[in-house]
Amino acid sequence: MCGIVGYIGEDQAAPILLNGLEKLEYRGYDSAGVAVCDGGSIQVEKCKGRLKVLADLIDQGEKIPGTVGIGHTRWATHGKPSDLNSHPHVSGQGKFAVVHNGIIENHLMLKEFLLKQGKQFLSETDTEVVAHLLEYYYQGDVLDAIIQVLHQVEGSYALGILCEDIPDQIFAVRKQSPLIIGLGQHENFIASDIPAILSKTREIYRLENNEIAQIKKDQVMIYDLEKNIVQKERCHIDWDISAAEKGGYEHFMFKEIMEQPKAIADTIQPRIQEGRIVLDDMTLTKEDLEQFRKISIVACGSAYHVGVVAKYVIEKLTRIPVDIDVASEFRYRNPIIDEKVLVIVISQSGETADTLAALHEAKRLGARVLSIVNVVGSAIANESDDVLYTWAGPEISVATTKAYSTQLTVVYLLAVYMADLMGLISRQEYQGYLDDLCHLPGQIEMILKKKDQLQTLASRYFNAKDIFFIGRNIDYAMSLEGSLKLKEISYIHSEAYAAGELKHGTISLIEDGTLVVALATQDTLFEKMMSNVQEVTARGAVVLGLTTEDHPEMEKSATHTFYIPKTNDLMLASLAVIPLQLFAYYVASMKGCDIDKPRNLAKSVTVE
Ligand code: AGP
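These notes cover the structure that comes with them. (Residues numbered from 1 in each chain as written. Predicted model: local features only at pLDDT ≥ 70, side-chain atom pairs only at ≥ 80, totals over all residues. Heavy atoms only, no water.)

**Topic: the nonpolar core**
Right, on to step 1. In this structure, I295, I314, I344, L370, M478 and F583 are the most contacted members of the largest nonpolar core, which totals 94 residues.
Right, on to step 2. Counting residues in each nonpolar core, the second largest holds 32 residues, with F96, Y137, Y138 and V149 among its members. (Core = buried A, V, L, I, M, F, W, Y, C linked by side-chain atoms within 4.5 Å. Buried < 20%, exposed > 50% of the residue type's maximum accessible area, 1.4 Å probe, protein only.)

In structure tokens, the structure reads:
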């Protein structure tokens, strides 16, 4: 996510803004900028790169006079990292400067309207439309202009706004993306996150959705969209910096597990417009899809596990054969790839060496490459023919959770989009898939509310020496991810097995008390899975059954049962993964492991 900071008071603003942005660096970003009002015009300094580049550019802020300003660290979603795409963005006549965190979902339509009004755009960002719209609606009252703009824009946003006509005020707006007001003595602040202002004040207002703050150095007024004054309760923050960076949670991983409903909504919403899937700059045509003789999916680690799910989903909906490979194998096995193959590359970081090398091999062999990536402007994104971004925001914890989950949702969108393009699903089926997709965030929220059940289970098994995960079809793919999550953060040995394979060897490892996590979410295979559960319990295993709410019979055979809501079988991976993430997290937490930075692991494996 982007980082927002604002200051209004009696001190020079720029150094304070830089200090605040520094406290938000942990969130991940690719560029930074500030806008400062010095009584008259607004001065904007911004550039691609680390905050230090900006700080050096403006002599640590000393070069910019003025006691009112806004600052921003950008995590690119629309438009690659560049000086011009950095925030703040300025309106055509320079009257408004805007910083933004979130996604303006209807920015293309608004940009088209503004271009017709003769507005000149300098950047590729969605945010710039806000600056131009403010100037378009401004008739002398900034609050009125803001309200009119908010009636036009759709999506999620936290906005910091300066207007050169009112140099003693900052305006702030919130819808979905967090924004707080820091309350000082003859000075006030805005910030997208508490760490940015904690060194200055512990007293805050939390802006709620559709609230607008008008901030002076000695007064803060909050309005709703009808210009009614909103009374706010002061909140006192007693977190330390470390807790504040994690949103009050103990670890980034837990924070990111909890962020999954929003990350999935952010990834889906902008791509469903008027009941249709809209895949940004997708260039794949019906003819392309019909001439592909197969799809080859390549990735590493958890991204590979997304690929295993994708094989089941894409084959089911498009009937195009799908291969799936770990990148380190694909790149050296002289794969049978040519121009009649679509290679899908999945990577959170977009920098994984093996995956990038596999992409190069695929292109060398003439394949069309589509990538699913979380980092805009990353190497894999830049070298693909098509890119579908996940909008999970920066993922700090080495063990991926929200990036994994948003990759799954992009797979569902892509599979339904392709099946529809090929005329393979009815209008009713299409709508059904979209409805199921849009219900996922709420269903995940329901599962997260039951996290204590996983904590209790973890407290019973965190000293286990071996834990097995078994499943069939998509549940096998989920077993792979559940096992990896557990291994990489708790260091407990774990195996993931296709349940039907157990009797071909591995079942010899099952003995009294061995914990087996049995995933049985796929309706058509539930009875088969129950047989596998009985197979392992007959040999002394303790079974944690993970199934949907309509299969209470799991309790007859499993020692413990965790239920997830029912949805389309193809999308159940998005629900089943949540208890697996939580179980791994609680086990590792009870073992006192370094959850966000597990031993021997890196967030992005940029070497072979
Ligand atoms: C997942 O929890 C691991 N951190 C790891 O397996 C990761 O998924 C893998 O290294 C691939 O990374 P990427 O998605 O950035 O390419």
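**Focus on the environment of I146**
Right, on to step 1. Relative to the helices and strands, I146 is located in helix 5 (residues 142-152).
Right, on to step 2. Along the sequence, I146 and I212 sit 66 residues apart, while their C-alpha atoms lie 8.4 Å from each other.
Right, on to step 3. Setting aside its immediate chain neighbours within four residues, I146 contacts L134, I161, F171, V173 and I212. (Helix = DSSP H or I, 4+ residues; strand = E, 2+ residues; numbered from the N terminus. Contact = heavy atoms within 4.5 Å.)

**Here's the deal with helix 17 (residues 474-490)**
Right, on to step 1. For helix 17, built from 17 residues, the straight-helix expectation of 24 Å at 1.5 Å per residue is met to within 8% by its first-to-last C-alpha distance of 24 Å.
Right, on to step 2. Across the 17 residues that make up helix 17, a large majority, 14, are buried.
Right, on to step 3. Of the residues flanking the end of helix 17, it is Y491, one or two places downstream, whose phi is positive at about 65°. (Expected span 1.5 Å × (residues − 1).)

**Details of the sheet that holds strand 6 (residues 96-104)**
Right, on to step 1. One open sheet holds the six strands; their spatial order is 5-6-7-8-12-13, and the pairing between them is antiparallel. The two strands at the open ends of the sheet, each matched to only one other strand, are strand 5 (89-90) and strand 13 (220-223).
Right, on to step 2. In the sheet, strand 6 pairs with strand 7 (residues 155-163) via nine bridges, with the strands oriented antiparallel. Paired with I103 across the two strands is S156, which belongs to strand 7.
Right, on to step 3. Here helix 5 sits on the sheet and contacts strand 6, strand 7, strand 8 (170-175), strand 12 (211-215) and strand 13; the angle it forms with strand 8, its principal contact strand, is near 20°. (Pairing = 2+ DSSP bridges. Axes fitted to C-alpha atoms, helices over the stretch in contact; angles between N-to-C directions.)

**Some words on the side chain of D224**
Right, on to step 1. On the secondary structure map, D224 appears in the loop between strand 13 and strand 14 (235-236).
Right, on to step 2. Despite its burial, D224 pairs with no opposite charge; the closest candidate is K227, at 9.9 Å N-O. (Lys, Arg positive; Asp, Glu negative; His and termini not counted. Salt bridge = Lys/Arg side-chain N within 4 Å of Asp/Glu carboxyl O.)

**Focus: the site of the ligand**
Right, on to step 1. Around the ligand sit 14 residues, and of these S347, Q348, S349, T352 and E488 come closest.
Right, on to step 2. Between the ligand and V398, the relevant distance is 2.8 Å, taken from a nitrogen atom to a main-chain nitrogen or oxygen of the residue.
Right, on to step 3. Classifying every residue of the shell around the ligand by side-chain character gives five nonpolar, seven polar and two charged. (Near = heavy atom within 4 Å. Polar contact = N/O pair within 3.5 Å; in protein donor to acceptor, adjacent residues only side chain to side chain. Nonpolar A, V, L, I, M, F, W, Y, C, P; charged D, E, K, R; others polar.)

**Re the pairing of strand 18 (residues 322-326)**
Right, on to step 1. As paired elements, strand 17 (residues 294-299) and strand 18 share five bridges and run parallel to each other. Note that in strand 18 the partner of A299 across the bridge is V326.
Right, on to step 2. In the classification by handedness, the crossover that spans strand 17, the intervening helix 10 (residues 301-318) and the parallel strand 18 is right-handed. (Right-handed = clockwise from strand over helix to strand, strands pointing away.)

**Observations regarding the pattern of salt bridges**
Pairing between side chains becomes possible if they bear opposite charge and their charged atoms approach one another.
Right, on to step 1. Using the criterion set out here, one finds 31 salt bridges in the structure.
Right, on to step 2. Two residues, D323 and K294, come together in a salt bridge whose shortest N-O distance is 2.6 Å. Placement of the pair is D323 in strand 18 and K294 in strand 17, with a sequence separation of 29 residues.
Right, on to step 3. In this structure, the salt-bridge partner of K566 is D523, at a minimum N-O distance of 3.6 Å. Of this pair, K566 sits in the loop between strand 26 (560-564) and helix 20 (573-590) while D523 sits in the loop between strand 24 (515-520) and helix 18 (526-537), and the two are 43 residues apart along the sequence.
Right, on to step 4. Residues joined in a network through salt bridges with shared partners are K95, E164 and D165.

**Re the environment of G66**
Right, on to step 1. With respect to the helices and strands, G66 occurs in the loop between helix 2 (51-57) and strand 4 (68-74).
Right, on to step 2. Taking relative accessible area as the criterion, G66 reaches 11% and is therefore assigned buried.
Right, on to step 3. For G66 and A35, which are 31 residues apart along the polypeptide, the C-alpha to C-alpha distance reads 9.8 Å.
Right, on to step 4. If near-sequence neighbours (up to four positions away) are discounted, G66 is found in contact with D11, Q12, A13, V36, C37 and D38.

**Let's talk about unusual backbone geometry**
As a rule of thumb, non-glycine residues mostly have phi less than zero, and peptide bonds are mostly trans rather than cis.
Right, on to step 1. In this structure, the amide linkage connecting H87 to the following residue, P88, adopts the cis form with an omega of 5°.
Right, on to step 2. Take P88: it is sitting in the loop between strand 4 and strand 5.
Right, on to step 3. Within the chain, D59 stands out as a residue other than glycine whose phi angle is a positive 55°.
Right, on to step 4. In this structure, Y491 is a non-glycine residue whose phi angle is positive, near 65°.
Right, on to step 5. Note on placement: Y491 falls in the loop between helix 17 and strand 23 (493-498).

**Comments concerning the packing of helix 8 (residues 260-268) against helix 15 (residues 427-448)**
Describing two packed helices takes the angle between their axes plus the distance from one axis to the other.
Right, on to step 1. Axis separation between helix 8 and helix 15 bottoms out at 9 Å; the angle between their running directions is 175°. Here helix 8 is positioned roughly antiparallel relative to helix 15, judged by the angle of their axes. Mapping the contact onto sequence places P261, I264, A265 and I268 in helix 8 and L437, C438, P441, I444, E445 and L448 in helix 15. (Parallel < 35°, antiparallel > 145°, perpendicular 65-115°, else oblique.)

**Quick word on the side chain of E481**
Right, on to step 1. Note on placement: E481 falls in helix 17.
Right, on to step 2. Take E481: its relative accessible area is 0%, and that puts it in the buried class.
Right, on to step 3. In terms of polar contacts, E481 uses its side chain to reach the side chain of K485, at 2.7 Å.
Right, on to step 4. Residues in contact with E481, not counting those within four places in the same chain, are S302, H305, T400, Y404 and V577.

**Considering the packing of aromatic side chains**
Right, on to step 1. On inspection of all chains with the given rule, the structure shows eight aromatic pairs.
Right, on to step 2. Here the aromatic rings of Y7 and F189 are separated by 5.4 Å at their centres, their planes lie at 55°, and the arrangement is tilted. One end of the pair, Y7, is in strand 1 (residues 3-8); the other, F189, is in strand 10 (residues 188-191), with 182 residues separating them in the sequence. Just as Y7 is buried, F189 falls in that class too.
Right, on to step 3. For the pair Y585 and Y586, a centre-to-centre distance of 5.5 Å together with 70° between the ring planes defines the contact as edge-to-face. In terms of burial, Y585 and Y586 fall into one category: buried.
Right, on to step 4. An aromatic cluster of at least three residues, connected via ring pairs, comprises Y249, F254, Y585 and Y586.
Right, on to step 5. Over the ring of F562 we find K450; its NZ or CZ atom is 4.5 Å from the centre of that ring. (Phe/Tyr/Trp six-rings, centres within 6.5 Å; stacked < 30°, edge-to-face > 60°. Lys NZ or Arg CZ within 6 Å of the ring centre and 35° of its normal.)

**A look at helix 8**
Right, on to step 1. Of all nine residues in helix 8, eight are buried, a share of seventy percent or more.
Right, on to step 2. Taken as a whole, helix 8 has its buried residues at Q260, P261, A263, I264, A265, D266, T267 and I268.

**Some words on the sheet that holds strand 4**
Right, on to step 1. Ordered by their spatial adjacency, eight strands build an open sheet running 3-2-4-1-10-9-11-14, and the pairing between neighbours is antiparallel. Looking at the sheet topology across the chains shown, the edges are occupied by strand 3 (42-48) and strand 14.
Right, on to step 2. Summarising the sheet, strand 1 and strand 10 pair through four bridges and their orientation is antiparallel. Bridging from a neighbouring strand, I8 pairs with N188 of strand 10.

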